[in-house]
Amino acid sequence: MAAGSEVSSHLTLEATAAGNQGQRVKPFTPEKAKEIIMSLQQPAIFCNMVFDWPARHWTAKHLSEVLHGKQIRFRMGMKNTDTGKPVPQFETACSYVEATLEEFLTWNCDQSSDSGPFKDYDHSKFWAYADYKYFVSLFEDKTDIFQDVIWSDFGFPGRNGQESTLWIGSLGAHTPCHLDSYGCNLVFQVQGRKRWHLFPPEDTPFLYPTRIPYEESSVFSKINIVNPDLKRFPQFQKARRHTVTLSPGQVLFVPRHWWHYVESIDPVTVSINSWIELEEDHLARVEEAITRMLVCALKTAEDPHNTRAWLNPTEVEETSHEVNCHYLNGAVAAFLDHYKTSKGVEIQALRTSKENLQKERMEMEGTHGQNGTMAAIKQEAASLFGPDLVPVTLRSKETPSEGGGIFESDGKDFVFKDGKHFAKLFCADRQQTMSTSDNAGVDQMASNSAPAPSQTFVSTDDLLDCLVNPQVTRMVALLLLQGKSCDSNR
Ligand SMILES: O=C(O)CCC(=O)C(=O)O
């Protein structure tokens, strides 16, 4: 599809205003980019938007000079197995090395592990990943550098490196398949290429979500999505995989709750991302606090002294019940305050349909337009697809054979064992009929119920996978908030 006419006219206008027809101009104004981000429900790549950012020169070599001598923690993982295919590794299964970027580059370029912090890691067998590094911790004494990243070009004034995270990896470095509970995501690829595998939020039941290992705001998938075990995870066949290779200079937009598995496919990769807060995060924070409380309580009861086995190394906060209660109370209070004060409405904020949340977000952001409906806005965003906004598409060979493209559930329904639909209790405004993905829970139960009772063992993790399933915590959060909003109205 060619870029919309609106894009071309904007180009001309800007060039004229700049008084220099030869000057390179961005295809989208900040306002337009934000409108796209707030309305598009499909991942897409923005091109030609960051050609003037100083951060485009942030190669690992350049950063090693900037961060001269700074010790950074690298996550070390095995490159592949006997099958020759990588096995995604949870952070709990990796080892860690403290090293400078210079030492990393020496190990990676010379492919030598003779000395230095990487000496125990044969380069042909291991990858290294300085992942998830907040700029504020990395560049504590060099805060000027924050200005090198200019998210205001995407319509977020004042947003720069201060709200960004840096990722530097070697070939094969990857992040296991997960979804982020908060916000949507903008990812700027600086050096090397990364392969992204994405799945829509509606496919959550097919991704077998788990909260072990536990990390606030990350829901992991139990599946090795590069080499799935379909006997164990048969529903995964229905998941709609979208794939894209992100190259230097491109910015990937990952909409809220899209699952992603990300792998470095070049010898050195550098990327920078920023998670953009959304209206829906208020509810997500309550869900996360519930999850934290239940996971910590049950896992500590199981083994009081071994948090290492289930707590992601990225989690440094204390996990006592008292602290967790405090989190939960804080999240509930913040939710109730937000909807009372900023919206002047009662707790009708508990409307849960995706459309309502989306509409609310658009209204909050002032992007709704005078006569625009949601459908029109979505269509308009899609009409901008072209060389400067490239949609990430479904990988065709995995198109589900049955019902492909007609999954309509918003993933919030919960199905009881007898298959009865339960969600209407909360989603009074929902008129949709039970869809294919709604049935996943039932099908899954049927396929999992094969072993004879004598062979069945229910572990703490099995129980937690159900108790803190995203659909369940959503329901618990809504119940809790409904109760508390009634209390506070008395
Ligand atoms: O680049 C990666 O390895 C993962 C990035 C990621 O998970 C994110 O930006 O949310």
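Keep in mind that this is a model prediction, so the values were computed, not measured. (Residues numbered from 1 in each chain as written. Predicted model: local features only at pLDDT ≥ 70, side-chain atom pairs only at ≥ 80, totals over all residues. Heavy atoms only, no water.)

Visitor: How should I be thinking about the overall build of the protein in this particular structure?
Guide: Counting its regular elements, the protein contains 12 helices and 15 strands. By the burial criterion, 52% of the 490 residues in the protein qualify as buried. When the accessible surface of the protein is totalled, it reaches about 22500 Å², and 53% of it is carbon and sulfur. (Helix = DSSP H or I, 4+ residues; strand = E, 2+ residues; numbered from the N terminus. Buried < 20%, exposed > 50% of the residue type's maximum accessible area, 1.4 Å probe, protein only. Areas by Shrake-Rupley, 256 points an atom, 1.4 Å probe, with all protein chains shown as cover.)

Visitor: Could you clarify how one ought to interpret the site of the ligand in this entry?
Guide: What surrounds the ligand is the set Tyr129, Trp167, Thr175, His178, Asp180, Asn185, Lys194, Trp196, His260, Val262, Asn273 and Trp275. Asparagine 185 has a polar side-chain atom sitting 2.8 Å from an oxygen atom of the ligand. For the ligand, an oxygen atom lies 3.1 Å from a polar atom in the side chain of histidine 260. Protein chains bury 98% of the 300 Å² of accessible surface belonging to the ligand in isolation. Among the elements of the structure, strand E6 (174-180), strand E8 (194-199), strand E13 (259-264) and strand E14 (268-276) are those that each provide at least two residues to the shell around the ligand. (Near = heavy atom within 4 Å. Polar contact = N/O pair within 3.5 Å; in protein donor to acceptor, adjacent residues only side chain to side chain.)

Visitor: Which parts of the structure should I look at to understand the environment of proline 387?
Guide: Note on placement: proline 387 falls in the loop between helix H9 (374-383) and strand E15 (389-391). For proline 387, a relative accessible area of 54% gives the class exposed. Separated by 342 residues in the primary sequence, proline 387 and isoleucine 45 have C-alpha atoms spaced 9.4 Å apart.

Visitor: Just to check I follow, could you spell out helix H2 (residues 30-39) for this structure?
Guide: In terms of burial, H2 is largely enclosed, as 7 of its 10 residues are buried. Lys32, Ala33, Lys34, Ile36, Ile37, Met38 and Ser39 are the residues of H2 that are buried.

Visitor: How should I be thinking about the sheet that holds strand E9 (residues 209-210) in this particular structure?
Guide: Sheet strands pair via backbone hydrogen bonds, and the direction of the pair is either parallel or antiparallel. The 6 strands lie next to each other as E9-E10-E6-E13-E8-E11, forming an open sheet whose pairing is antiparallel. The strands lining the two open edges of the sheet, one partner per strand, are E9 and strand E11 (242-246). Both E6 and E13 contribute to a ladder of 3 bridges, which runs antiparallel. Note that in E13 the partner of histidine 174 across the bridge is glutamate 263. (Pairing = 2+ DSSP bridges.)

Visitor: Just checking my understanding: could you explain the pairing of E8 for this structure?
Guide: Every other side chain in a regular strand lies on the same face of the sheet, so the side chains alternate between the two faces. Here E8 lies mainly inside the structure; 5 of its 6 residues are buried. Inspection of the sheet shows E8 paired to E11 by 5 bridges, in the antiparallel sense. Bridged to leucine 198 within E11 is histidine 242.

Visitor: Is there a simple way to think about the packing of aromatic side chains in this case?
Guide: What the rule picks out here adds up to 24 aromatic pairs. Where tryptophan 53 meets phenylalanine 188, the ring centres are 5.4 Å apart and the plane angle is 80 degrees; that geometry is what we call edge-to-face. One end of the pair, tryptophan 53, is in the loop between strand E1 (44-46) and helix H3 (60-66); the other, phenylalanine 188, is in strand E7 (residues 184-191), and 135 residues separate them in sequence. Summarising the burial analysis for this pair, tryptophan 53 and phenylalanine 188 share the class buried. For the ring pair tryptophan 151 and phenylalanine 154, a centre distance of 6.0 Å and an interplane angle of 55 degrees mean the geometry is tilted. (Phe/Tyr/Trp six-rings, centres within 6.5 Å; stacked < 30°, edge-to-face > 60°.)

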